[in-house]
Structures are given as structure tokens and as C-alpha cells.
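Reading the structure
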Protein chains: 2
Amino acid sequence: MKIENLGEFGLIDKLNQILPIDDKDVIVGYSDDCACVKVGNDLLLFTVDIQVEGSHFIKEKINPKDLGWKLSTSNVSDIVSCGGKPRWALVSLALPKDLDYEFIKGVYEGIKEAQDYYGFFTIGGNVSSSKQLMIDMSMVGQTDIFVGRDKARVGDFVYISSNLGLSKAGLELILMDKDSYEDFEKKLIEKHYRPKARIDLLENVKKSSSCIDISDGLVSDLGHVSKRSKVKIVIEKEKLPIDNNLKIFCQKYNKDPYQYILYSGEEYELALTSDKDLDLIKIGYIEEGEGVYLKTQEKLEKLDDKGFRHF
Amino acid sequence: MKIENLGEFGLIDKLNQILPIDDKDVIVGYSDDCACVKVGNDLLLFTVDIQVEGSHFIKEKINPKDLGWKLSTSNVSDIVSCGGKPRWALVSLALPKDLDYEFIKGVYEGIKEAQDYYGFFTIGGNVSSSKQLMIDMSMVGQTDIFVGRDKARVGDFVYISSNLGLSKAGLELILMDKDSYEDFEKKLIEKHYRPKARIDLLENVKKSSSCIDISDGLVSDLGHVSKRSKVKIVIEKEKLPIDNNLKIFCQKYNKDPYQYILYSGEEYELALTSDKDLDLIKIGYIEEGEGVYLKTQEKLEKLDDKGFRHF
């Protein structure tokens, strides 16, 4: 059996079963954006995210500073979505011997920008040789309360932290490899290369019953919340804002903006649930049941999970 | 400038300078087997180590369980050499799509064996697709005292935890690719594939002024202690024990056992310094000065660092 036949989540499920967790200090293991452990009176969060050449980025197309920024952001976003502040990171490098020093220096300068913006420090790491360039970052966060995926409740509202869909549009523009780009296109590309984890929303996260960061796509990520919380999530189509640059993009290239809003990954925005009034974009509500649905006037349509998968 | 021209340690030095650490909770960053941070009244240790196909192992030659064991051991060894107990690990997988599930399952079974032996739990991870197979593990340890490389003192003795040189002999035997192996050869190969981190010696580590695990080779690793502690380390050749299987190997293949004892990496044994009498193998002493020396009767010879480097 090849792993591609198991699918990414099938593989993860099977592997995690080989390593059951039996430790009273582990509050959350696997199954969420971060693992969470108790150390004295503190809760620590752990996550890890990798950037692989060819899978996550094309070396000739990416500015190495953007790569360092994005790697940091993807980790910080996991920490923030669980309610924590990023504290410390380890960087594990697998590098081809003939790599230009300037490239990896640029990656580190991007990490430095991210450290200064998010407030964490890289404190260790490892270097190894490889044929394929990979940069793996593990991160430790600290919090006083863990916000996970499993406590969305019937009666909660569903919120998002910003307009969605921009990262996918930005990636498509990059892949068009045009000689020049219009201003609105540059802004979409910028959103793909320089996403910002929503560390500014930590207080909102802590007031939420559940939170997840949008890395695979809104429907896919809300699907995780639905499954783990055992609830039905209804998105009201008319409440989904369409970003102005995305609107121009969809008009120019004859695309449906909702395909971007619902399925764009690597947004690093947050989807939150709460029965409180949060100063965020309210896009739906939680009911009894299961699955993620889109409500259009009086039609209710179950949405397929078309999120990004490695296998 | 290609990174291979900088050398592994040159590269690491330059990169770490881009990310200075300014955090009062960080007790030790970079520069040791583990980073160490203070969380409440606890000291936590962080390390990361990777296994890259082609650089660290040959997929067709290694039993995947041994790979999982070795990856775990290399991390545990870093934690133990700083005086800590391993607690939690994250596993980051970069896998080719056509990889057989049985292979990665075997790796996880090897990690499970290591978890049961060393007493830690894997609590999270990540999966990504790649062309080259890589398994990266980051580990968290816990301790009440940090034992580093920088506190070896003049007047201390130098100890090792066991006979050395076996892993290098084992690797050379594996690479001979023989149809059959003699019993002593099988034992050397076993030591290469199934090294044991010396978690049984934690009490000795805590009584030591410095400790390092032998992953690059005795001379190379004592070189780190010498440099960081600003002392001269003298190894007395006559006190270096020659393992019986290594002796037979060297006779059969006409090799000098001291080239193995002094330079074999991936031993995961410990080199410790202390002014106390430890129940370990005493091989030398610390003097004022710098560098690592081999003392033969009355001749004192400075040893070159010929440890393994990725670049």
C-alpha cells in the first residue's frame, strides 16, 4: 500500500494510533492546531510546520525573506489559534551543499522580521545536508487557557477574522508568471507571500468556544471543527464579504469569488465560534447535526471538503 | 558563496548571528546539545535532530524500526547529556507519495520501542510531501539542573560512559555489503543500528561539571567542551579501553583501533568531566590551555578534529 492511497489524514490517523499518549501532563495531543502540555502552572503549546522546495515553494520564484516570514507565520498562526503567544522556535535545515549562502541568509532575515513582529526567539536548531531544500520549524507557545476545535456549541455564531480568498488568487497570479502585474494583482500576491498571523486577535480567541486557523481552506478547516465538536456549521453566503481586489480579479479572469473565499488555503486568518458578540465578521451559526453547509436564501447545500492535501 | 565553502559550523555561526536571543527566560540558546528555558520553576530542554535519506541512512539497507529507534535515540541523547529526562516529541515527516506505508509504519514502531524504553511521548507532528524522505524529530526534556559544555574546570578528570569506536566499525561493515557476517561483526552492526542513549547515567551527568554526547566523535565533541570551557583536555591513550569486538575487527581488517575510538560518531555515549570519582571510565584530565591532546607515555600530541560534517 502506497501512502498516497491512504490520503494525508488517513495516514496521520494510522500513524498516531501506533503512538498512543498516556501522560497526565498532556492536555491535548495530535488532533488540534497545537499539542498542549501542563508544566507547573503554565500551559505550553507545541507545533511544527515545514516548507519543502517543490511542494510549498519554488526556489526561483520566492524571495527567501518571504519564505522565512511565511514559515514563521504558519507556526505562529497555530499557536495563536489555540490562544497562545509564540515564545521559542527551533529551526531544522536540510540543505543542498551547493546552495548559495545568500538564499538561506535571506530566509533567516525573514525569520528575524517575523520574530520582531510576533515576539518570539529562535533558540536552537540543526543543519543537515540533503538534495531537496527543506526548512522545518517547531515552535513553543505559552498560554493560560487552551482554545481548541472541540468546543463549538449549538447556538454559537461563526466568525472570521478578515476577508478570505486572497492567498489562492495571489498564488494563481504568481503561477501565471506574467511580465507585469496590475496594482490589485500585486496586493493579492503580497497576501500570498506575506500573510500575517492574527496575534492582534488573541483576546477574541480567548473569548471563543473554538478557534482554528485557515490554512487548508475555510470549508476544510470548519470541517475539522464540525467533526471534533460534533455540530453542524451553517455559513450564510450573503454574509461572506468579497474583498474588493478579489472581486476585480474574478471579473478580469472570469472566476467565482466564492470558490476562493470557501477554499483558499494559507490564509492564516482565523475562524472562531462564540455565543458572544465579537467585533469580527459574523458569517454563520452552529446547529445540531454534522457537516459544513452553505445557506443561500432558503437553500441549504452541504459543502464538500476540497482542502489542500499532500497525498 | 556556496554553503559548502562555509563549512557546517561556519554556516551555523553566521546564521545564529542573524537571530540574536534577548529573552530572560532563555538560560541557554544554540551552542549546546540542547537549548534551555525557564518556565515557572521548571527548566525545559529543547533539541531537534533529523534523518535524511541518502545523508543519514540508505532506505534499502536500513530496517525502518532501527531508523525510528535511532532518530529517537539521537534526540534523547542530547536531552540526557544536558541532565534532563525526555518528555515529549513532535515528528515532522516529508515523504514521497509512492512510499510504502509499511516503511513509515516500521519507523513509527521503532519510535514506539524508543518511547517505551526512554519514557517519552510523541504528542504532535506534521506531514508533507517531498521527493526525498526525511524525518525530523524535535524533543522537549525536563530537568532541575542544566549541565552544559562550558563548565569543565582545570583539575577535573575526563570520563567516558563505555567503550567507543563500535558505531564506525559497524557502519563500515554495513557498507561492505557482505553476504554473511561473523558474530562479532553482527554485534558491531547492532551497535550502529541500535545505539542506546545513556539515560541510565543521569545521576552521573548531574554530578558532572560538563557533559556532551558523542555524536560527531570523541575528539570533535571534546573539542566543543575545550573551546566553550576554555581549557585543555588531555586524553591518556593507555587508559582508552579497546572493545573486544573492535579489537577482532581491527585485526581482521588491518585497522588502527584508536582511529575508531577517537573519531567514531553516532556513538551516543557520553563524555563527562568532574573532579569527583565517578564509576565510569576515566580517560584523562583537564589542564589550563586549549585544544584536545593525546598523551602517550611522555609524548603529548595535539589531535585534529576530524569529526563528521555535513558541509
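Residues numbered from 1 in each chain as written. Chains lettered and ligands numbered in written order. Predicted model: local features only at pLDDT ≥ 70, side-chain atom pairs only at ≥ 80, totals over all residues. Heavy atoms only, no water.

An unreviewed UniProt entry lists chain A under the name Thiamine-monophosphate kinase, with Sulfurihydrogenibium azorense as the source organism. Of chain A, the UniProt comment under Sequence similarities (unreviewed entry) reads exactly: "Belongs to the thiamine-monophosphate kinase family." Of the comments in the UniProt record for chain A, the one headed Function (unreviewed entry) reads "Catalyzes the ATP-dependent phosphorylation of thiamine-monophosphate (TMP) to form thiamine-pyrophosphate (TPP), the active form of vitamin B1." (UniProt positions renumbered as here; feature names shortened; annotations may be inferred.)

We now examine the overall build of chain A. Tallying secondary structure elements over chain A gives 10 helices and 13 strands in all. Here chain A has a C-alpha radius of gyration of 19 Å; the compact-globule value for 311 residues is 19 Å, and the two agree. Dimensions of chain A, computed from C-alpha atoms along their principal axes, come out at roughly 60 × 55 × 45 Å. Relative to its full complement of 311 residues, chain A shows a buried share of 61%. Excluding contacts between residues fewer than 6 apart, the proportion of contacts in chain A whose partners are at least 24 apart in sequence is 82%. Split by element, the accessible area of chain A, about 12600 Å² in all, is 45% carbon and sulfur. Charge centroids of chain A, computed over 43 positive and 53 negative side chains, lie 1 Å from each other. (Helix = DSSP H or I, 4+ residues; strand = E, 2+ residues; numbered from the N terminus. Rg over C-alpha atoms; globule rule 2.2 N^0.38 Å. Buried < 20%, exposed > 50% of the residue type's maximum accessible area, 1.4 Å probe, protein only. Contact = heavy atoms within 4.5 Å. Areas by Shrake-Rupley, 256 points an atom, 1.4 Å probe, with all protein chains shown as cover. Lys, Arg positive; Asp, Glu negative; His and termini not counted. Charge placed at Lys NZ, Arg CZ, Asp CG, Glu CD.)

Next up on the list: the interface of chain A and chain B. The interface is formed by 74 residues belonging to chain A together with 74 residues belonging to chain B. Here chain A packs against chain B, burying approximately 6200 Å² in sum over the two surfaces, 67% of which is carbon and sulfur. Contact with chain B buries area across many residues of chain A, yet Leu19, Tyr101 and Ile123 of chain A alone supply 11% of it, more than any other trio. Viewed at the interface, chain B and chain A are joined by six salt bridges. Among the salt bridges present, the one from Asp100 of chain B reaches Lys2 of chain A, with a minimum N-O distance of 3.4 Å. The interface formed by chain A and chain B contains 27 residue pairs in polar contact (both at pLDDT 80 or more). (Buried area = accessible area lost by both parts, 1.4 Å probe. Salt bridge = Lys/Arg side-chain N within 4 Å of Asp/Glu carboxyl O. Polar contact = N/O pair within 3.5 Å; in protein donor to acceptor, adjacent residues only side chain to side chain.)

Let's shift gears to the packing of aromatic side chains. A full pass over the atoms with the stated rule returns 13 aromatic pairs over all chains. With 6.4 Å between their ring centres and 40 degrees between their planes, Trp88 of chain A and Phe46 of chain B make a pair best called tilted. With one member in each of two chains, Trp88 of chain A in strand β4 (residues 85–95) and Phe46 of chain B in strand β3 (residues 42–52) form a pair that bridges those chains. Pair check on accessibility: Trp88 of chain A and Phe46 of chain B agree, each one buried. (Phe/Tyr/Trp six-rings, centres within 6.5 Å; stacked < 30°, edge-to-face > 60°.)

Here the focus is the UniProt feature "domain: PurM-like N-terminal" (unreviewed entry) in chain A. As annotated in UniProt, the feature "domain: PurM-like N-terminal" (unreviewed entry) corresponds to residues 32–142 of chain A in the numbering used here. Across residues 32–142 of chain A one finds 32% helix and 41% strand; the C-alpha atoms that close the span lie 16 Å apart.

The next subject is the UniProt feature "binding site: substrate" (unreviewed entry) in chain A. The feature "binding site: substrate" (unreviewed entry), as given by UniProt, occupies His56, Glu266 and Phe308 of chain A in the numbering adopted here. Taking the farthest pair of C-alpha atoms as the criterion, the annotated set spanning 253 residues converges on one region, since that pair is 11.4 Å apart. Mapping His56 of chain A onto the fold places it in the loop between β3 (42–52) and α3 (64–81). On the basis of relative accessible area, His56 of chain A is assigned to the partly exposed category, the value being 21%. Once residues within four sequence positions are removed from consideration, His56 of chain A is found in contact with Ile50, Gln51 and His310 of chain A together with Ser128 of chain B. With respect to the element layout, Glu266 of chain A can be found in the loop between α10 (257–263) and β10 (270–274). Ignoring sequence-local partners within four residues, the contact set of Glu266 of chain A consists of Lys70, Ser167, His192, Pro195, Ile214 and Ser215 of chain A.

On to the relation of the copies chain A and chain B. Each copy superposes on the other: chain A lies on chain B with an RMSD of 0.0 Å after a rotation of 180 degrees and an axial shift of 0.0 Å. Taken together, these values place the two copies in the relation of a two-fold axis. The overlap is high: 100% of the interface residues of chain A also sit at the interface in chain B, so the same surface is used on both sides. (Least-squares fit on C-alpha atoms with pLDDT ≥ 70 in both.)

This brings us to the sheet that holds strand β11 (residues 281–287) of chain A. Residue and element names in this part refer to chain A. An order of β8-β10-β7-β11-β9-β12-β13 is seen for the seven strands of this open sheet, with the pairing classed as mixed. Every other strand in the sheet has two partners, leaving β8 (210–213) and β13 (299–302) as the edge strands with one partner each. Each strand axis lies, on average, 25 degrees off the axis of its neighbour in the sheet, ignoring direction. Here strand β9 (residues 232–236) runs beside β11; their pairing, made up of four bridges, is antiparallel. Looking at the pairing, Lys232 lines up with Glu287 of β11. (Pairing = 2+ DSSP bridges. Axes fitted to C-alpha atoms, helices over the stretch in contact; angles between N-to-C directions.)

All names here are of chain B. Counted residue by residue, strand β9 (residues 232–236) has five buried out of five residues, so it is predominantly covered. Here β9 shows a buried face lined by Lys232, Val234 and Glu236 and a second buried face lined by Ile233 and Ile235. Summarising the sheet, β9 and strand β12 (residues 291–296) pair through five bridges and their orientation is parallel. In the sheet register, Glu236 faces β12, and the bridge partner there is Lys295.

Residue and element names in this part refer to chain A. Domain parsing of chain A yields domain 1 (3–143) and domain 2 (157–302). Between domain 1 and domain 2, the contact holds 27 residues from the first and 23 residues from the second. Summing both sides of the interface, domain 1 and domain 2 together bury roughly 2200 Å²; the carbon and sulfur share of this comes to 55%. On the domain 1 side of the contact with domain 2, Lys61, Lys70 and Val80 bury the most area, a combined 26% of that side's loss. The interface formed by domain 1 and domain 2 includes five salt bridges. Its salt-bridge partner being Asp177, residue Lys61 comes within 2.9 Å of it at the nearest N-O pair. Inspection of the region where domain 1 meets domain 2 yields 12 residue pairs in polar contact (both at pLDDT 80 or more). (Domains from an automatic or database assignment.)

Interhelical geometry of helix α4 (residues 101–118) of chain A versus helix α2 (residues 8–18) of chain B gives an angle of 30 degrees and a closest axis separation of 9 Å. Considering their axes alone, α4 of chain A and α2 of chain B lie roughly parallel with respect to each other. Our pair here, α4 of chain A against α2 of chain B, has a crossing hand that is right-handed. For the pair formed by α4 of chain A and α2 of chain B, the contact residues are Tyr101, Ile104, Lys105, Tyr108, Glu109 and Lys112 of chain A on the first element and Leu11, Lys14, Leu15 and Ile18 of chain B on the second. Considered class by class, the residues forming the contact of α4 of chain A with α2 of chain B number six nonpolar, no polar and four charged. (Parallel < 35°, antiparallel > 145°, perpendicular 65-115°, else oblique. Left-handed = near helix turned anticlockwise from the far one by under 90°. Nonpolar A, V, L, I, M, F, W, Y, C, P; charged D, E, K, R; others polar.)

To continue, consider α3 of chain A. Residues and elements named next belong to chain A. For α3, built from 18 residues, the straight-helix expectation of 26 Å at 1.5 Å per residue is met to within 8% by its first-to-last C-alpha distance of 26 Å. Counted residue by residue, α3 has 17 buried out of 18 residues, so it is predominantly covered. For α3, the side-chain oxygen to backbone nitrogen distance between the N-cap and Lys65 is 2.8 Å, and the N-cap itself is Asn63. Gly83 sits one or two positions beyond α3 and adopts a positive phi of about 95 degrees. (Expected span 1.5 Å × (residues − 1).)

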